[in-house]
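Remarks on the overall topology
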Amino acid sequence: ACLGLSASRDGLRWSPPSSLLACDTDGESVRSLTHPAFGLLTDPTNRSRVLFWAHEHVGHEMAKDWLSPTPQLVRYTIDADDLRAWSTQALARIDAEEEADVL
């Protein structure tokens with residue numbers, strides 16, 4: 001399981017998701033214990049980084065016992081140039097699929 005990122009120009013056609021973050025699962029139904037929170041934000045202290053948040057060890061997905069990790073909101077960073085390069089490739093893939101559909 002993972003948190004994934006997909007790109008779209010119009011909200012109708014999307015690139016295949018790419019894994020941003022590997023996630024633990026509940027082990028039974030293989031549901032992710034990490035859920036995305038908020039969106040992406042340029043780091044106001046360093047514009048070369050993009051921030052995103054994940055809610056880890058989501059409570060309602062966990063066994064309700066004292067061994068379960070405490071749910072928490074965790075901040076992650078992505079290099080802005082890497083995200084830009086990924087976005088360019090993802091959008092180019094959408095364009096190629098649309099072009100193939102026309103032919």
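Residues numbered from 1 in each chain as written. Predicted model: local features only at pLDDT ≥ 70, side-chain atom pairs only at ≥ 80, totals over all residues. Heavy atoms only, no water.

**Some thoughts on the pattern of salt bridges**
The cut-off we apply is this: We count a salt bridge whenever a side-chain nitrogen from Lys or Arg sits within 4 Å of a carboxyl oxygen from Asp or Glu. Each helix corresponds to a stretch of at least 4 residues labelled H or I by DSSP, and each strand to a stretch of at least 2 residues labelled E; elements are numbered beginning at the N terminus. Any residue under 20% of the maximum accessible area for its type is buried, any over 50% is exposed, and the rest in between are partly exposed; the area is computed with a 1.4 Å probe on protein chains only.
For the structure on display, the rule yields 6 salt bridges. As a salt-bridge pair, aspartate 43 and arginine 49 come within 2.3 Å of each other at their nearest N and O atoms. One salt bridge connects arginine 84 with aspartate 81, and the closest N-O pair in it is separated by 2.7 Å. One end of the pair, arginine 84, and the other, aspartate 81, are both in helix 1 (residues 80–102), 3 residues apart, so they sit about a helical turn from each other. In this pair, the class of arginine 84 matches that of aspartate 81, namely exposed. Taken together, the shared-partner salt bridges connect Asp10, Arg13 and Glu98 into one network.

**A closer look at the sheet that holds strand 4 (residues 49–56)**
To keep things clear, this is the line we draw: DSSP bridges decide pairing: two strands pair if at least two such bridges lie between them. Only the contacting stretch of a helix is used when fitting its axis, a line to C-alpha atoms as for every element, and angles between N-to-C directions run 0 to 180 degrees.
The sheet built from 3 strands is open, its strands ordered 3-4-5 with antiparallel pairing. Two strands in the sheet have a free side with no partner beyond their single neighbour: strand 3 (34–42) and strand 5 (72–79). On average, each strand axis in the sheet is tilted by 25° relative to the strand beside it, whichever way the strands run. Across 6 bridges, the pairing between strand 3 and strand 4 is antiparallel. If you follow proline 36 over to strand 4, its bridge partner there is alanine 54.

**Digging into the nonpolar core**
Our working definition: Nonpolar cores are built from buried Ala, Val, Leu, Ile, Met, Phe, Trp, Tyr and Cys residues. Side-chain atoms within 4.5 Å join them into one set. Contact definition: two residues touch when any of their heavy atoms are within 4.5 Å.
Ranked by size, the top nonpolar core spans 15 residues in total, and within it Leu3, Ala7, Leu83 and Trp86 carry the most contacts. Of all elements in the fold, only strand 1 (2–5), strand 4 and helix 1 reach the threshold of two or more residues within this core. The biggest single contributor to this core is helix 1, with 6 residues. Contact partners of leucine 83, with chain neighbours within four places excluded, come to Leu5, Leu40, Val50 and Ile78.

Interpretation note: all reported values are geometric properties and have no functional meaning in isolation.
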